[in-house]
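# Observations on the model geometry
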Amino acid sequence: MQTRSRAGRYPGVRVIKIGGSVITDKRTFKLNYAIANRIAGEIAAAVSNGIKVGIVLGGGSYGHVAASSARMLDAPPADALTLVTMYMFELVLAMADILASKGVKPVVYPPHSFCDPDGLVPRCNWNSVLRDMKVGVTPLVYGDVYACGESWCIVSGDELAIEMACSLGSPLVVYVTDVDGVIDADGKVIDEIHVDELEESSIVEQQKTGSKIDVTGGIKRKLDAIRANRCLTLREILVTNGLREGNTYAALMGHGSGTRIIL
Ligand SMILES: Nc1ncnc2c1ncn2[C@@H]1O[C@H](COP(=O)(O)OP(=O)(O)OP(=O)(O)O)[C@@H](O)[C@H]1O
Ligand SMILES: C=C(C)CCOP(=O)(O)O
């Protein structure tokens, strides 16, 4: 597949979704502090180089474990909302704290209070985010839960990232994951692929390593999220490995490595 020059193609805003499998340990239920700290440093370096960043966090061992426990226990919707929103607050506040310690000015927008999802379309009011970004804040949103009819539902960071990019005018979404990119049926990392090709390809959902709990996840969800929320100004999705030092910074600066999904 042809690879274009990756240097500095995207001025302005970039949206990054930091996967929960990167900043948390889904086996020990902890914040992966060392990785979270390093990634926050890479985001801070991009911000100090003039890049405006919109950050989305995945649920990791906080949201996914809480949501899957609530499901298993068949918890009443109000109890599920209390449990999962509290766990996600804890994760997002920890990350906000780390980002602030690096000089970034994060402001947290809880999706359950400014979004009204319809299936895979988050329908958030991004105007308040755009308003606050004018004074230099870095918005921080995250996969969350909300009341849907008589039940409770999950809005994944995967779809929030795409809608956020479309609303903030980011031509790029970076999915920071724990893999080197999208893996094809032969087990190789794809360098570049058009989204339509990806849909038609025989990419199989790889078995997750270990016993990771995930109530949304995987590559298929990301593809569905892209399909449901894509817009004309969004040109590219980069799936990169955040466990490798420097990848997050490089991705934000427009020369990242991993799989480029072209829209
Ligand atoms: N074909 C594939 N190529 C690459 N990764 C795949 C593929 N199929 C499944 N995966 C899984 O997708 C995972 C990345 O997506 P996932 O949504 O689980 O992670 P995340 O976004 O970091 O997590 P979270 O939902 O907590 O934010 C990888 O860990 C890998 O196990
Ligand atoms: C499980 C919850 C609460 C959030 C899921 O968000 P994701 O990890 O981005 O899919």
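Residues numbered from 1 in each chain as written. Chains lettered and ligands numbered in written order. Predicted model: local features only at pLDDT ≥ 70, side-chain atom pairs only at ≥ 80, totals over all residues. Heavy atoms only, no water.

Per an unreviewed UniProt entry, the chain is named Isopentenyl phosphate kinase, and its organism is Pyrodictium abyssi. Under the heading Sequence similarities (unreviewed entry), UniProt records this for the chain: "Belongs to the isopentenyl phosphate kinase family." Of the comments in the UniProt record for the chain, the one headed Catalytic activity (unreviewed entry) reads "isopentenyl phosphate + ATP = isopentenyl diphosphate + ADP". (UniProt positions renumbered as here; feature names shortened; annotations may be inferred.)

All right, on to the overall build of the chain then. Across its full length, the chain carries ten helices and twelve strands. Restricting the contact set of the chain to residue pairs at least 6 apart, pairs at least 24 apart contribute 78%. Total accessible area computed for the chain in this model is approximately 11,600 Å², and 53% of it derives from carbon and sulfur atoms. (Helix = DSSP H or I, 4+ residues; strand = E, 2+ residues; numbered from the N terminus. Contact = heavy atoms within 4.5 Å. Areas by Shrake-Rupley, 256 points an atom, 1.4 Å probe, with all protein chains shown as cover.)

Now for the state of the cysteines. Per the stated rule, a full pass over the model turns up three disulfides. Two residues, Cys115 and Cys124, share a disulfide whose sulfurs are 2.1 Å apart. Its torsion about the S-S bond being 95°, the disulfide of Cys115 and Cys124 is classed as right-handed. Note on Cys115: relative accessible area 10%, which makes it buried. Cys124 gets classed as buried once you look at its relative accessible area, which sits at 11%. Put simply, Cys148 and Cys153 are joined by a disulfide, and their sulfur atoms are 1.9 Å apart. Between Cys148 and Cys153, the S-S torsion sits near 80°, and that sign places the bridge as right-handed. Each bonded cysteine of the chain is numbered by sequence order, and under that numbering the disulfide pairs are 1-2, 3-4, 5-6. (Disulfide = S-S within 2.5 Å. Buried < 20%, exposed > 50% of the residue type's maximum accessible area, 1.4 Å probe, protein only.)

Turning our attention to the environment of Asp97. Residue position: Asp97 is located in helix H4 (residues 77-101). You can call Asp97 exposed: its relative accessible area is 56%. The sequence separation of Asp97 and Asn37 amounts to 60 residues, and the corresponding C-alpha distance is 9.9 Å.

We now examine the pairing of strand S11 (residues 236-241). Along S11, six of the six residues are buried, which leaves the element largely enclosed by surrounding structure. One ladder, built from six bridges, connects strand S9 (residues 172-177) with S11; its direction is parallel. Looking at S11, one finds that Val176 is bridged to Thr240. The pairing of S11 with strand S12 (residues 259-262) spans four bridges and is antiparallel. Paired with Ile237 across the bridge in S12 is Ile261. (Pairing = 2+ DSSP bridges.)

Read across the open sheet, the eight strands follow the order S5-S6-S4-S1-S9-S11-S12-S10; overall the sheet is mixed. In this open sheet, the two edge strands, each paired with only one partner strand, are strand S5 (106-108) and strand S10 (192-194). Within this sheet the neighbouring strands show an average axis-to-axis angle of 20°, counted without direction. Together, strand S1 (13-18), strand S4 (52-57), S5 and strand S6 (138-142) form the strand contacts of H4, whose direction differs from that of S6 by roughly 155°. (Axes fitted to C-alpha atoms, helices over the stretch in contact; angles between N-to-C directions.)

This structure, assessed with the given rule, holds eleven salt bridges. Where Asp116 meets Arg123, a salt bridge forms, and the shortest distance between an N and an O atom there is 3.1 Å. On the accessibility criterion, Arg123 (43% relative accessible area) is partly exposed. A salt bridge links Glu159 to Arg221; its shortest N-O distance comes to 2.7 Å. On the criterion of sequence distance, the pair formed by Glu159 in helix H7 (residues 157-168) and Arg221 in helix H9 (residues 218-229) is long-range, its members being 62 residues apart. Pair check on accessibility: Glu159 and Arg221 agree, each one buried. (Salt bridge = Lys/Arg side-chain N within 4 Å of Asp/Glu carboxyl O.)

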